[in-house]
Amino acid sequence: MDIKRVKDYIYWLYYQYQLITCSYALEPWEQSVFHTLTVTVFAMVVYTAYVFIPIHIRLAFEFFAQIFGGQPASTV
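All chains use their own residue numbering, which begins from 1 and follows the written sequence. Given that the model is predicted, a residue must reach a pLDDT of at least 70 before its local features are reported, and side-chain atom pairs must reach 80 or more before they are shown or counted; all residues, however, enter totals for whole chains, interfaces and linings. Side-chain metrics rest on all non-hydrogen atoms present in the structure, leaving aside hydrogens and water.

Asker: So what's going on with the overall build of the protein chain? Residues and values would help.
Answerer: Of the regular secondary structure elements, the protein chain holds two helices and zero strands. Where accessible areas are quoted, they stem from the Shrake-Rupley method and a 1.4 Å probe; at the residue level, only the protein chains shown are allowed to cover. Of the accessible surface of the protein chain, which amounts to about 7,200 Å², a share of 73% is contributed by carbon and sulfur atoms. Counting from the N terminus, the helices are the DSSP runs of H or I reaching at least four residues and the strands are the DSSP runs of E reaching at least two.

Shown next as structure tokens:
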């Protein structure tokens, strides 16, 4: 895959993003505020998922292991 095709694909994705969010109709300063808020919220969601989902998966695994007769944890 050559660089031009990758560049065109990225431009296409950005165009799709603008169409979906209707941000193409905003003025430039409104677009920058909107994009900043969107990126901030997306980053917070990714960070929260990275921090809390593994904990919840571990707790769910321990819960179901206890229900279905898994070995109890050592109390030593």
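Asker: Break down helix α1 (residues 3-21) for me, citing the residues and quoting the values.
Answerer: How far a helix is expected to stretch is found by multiplying one less than its residue total by 1.5 Å. Relative to the 27 Å expected for 19 residues at 1.5 Å per residue, α1 spans 27 Å between its end C-alpha atoms, a close match to the ideal helical length. Note on α1: the residue one or two positions beyond its end, C22, has a positive phi of about 60 degrees.

Asker: I'd love a proper account of the UniProt feature "transmembrane region" (unreviewed entry) in the protein chain, names of residues and values included.
Answerer: UniProt positions are given in the numbering used here, feature names are shortened, and annotations may be inferred rather than shown by experiment. Residues given the UniProt feature "transmembrane region" (unreviewed entry) here are residues 32-53. Strand forms 0% of residues 32-53 and helix 100%; the C-alpha atoms that close the span are 31 Å apart.

Asker: Quick rundown of the packing of α1 against helix α2 (residues 28-67)? Include the residues and the values.
Answerer: The angle between two axes is taken between their N-to-C directions and runs from 0 to 180 degrees, where each axis is a line fitted to C-alpha atoms and a helix contributes only its stretch in contact. Running from amino to carboxyl end, α1 crosses α2 at an angle of 100 degrees, the nearest separation of the two axes being 13 Å. Classified by the angle between their axes, α1 and α2 sit roughly perpendicular to one another. Contacts between α1 and α2 pair Y14, Y17, Q18 and T21 from the former with Q31, F34, H35 and T38 from the latter. Note that the term roughly parallel is reserved for angles under 35 degrees, roughly antiparallel for angles over 145, roughly perpendicular for angles of 65 to 115, and oblique for everything else. Any two residues whose heavy atoms approach within 4.5 Å at even a single point are treated as in contact.

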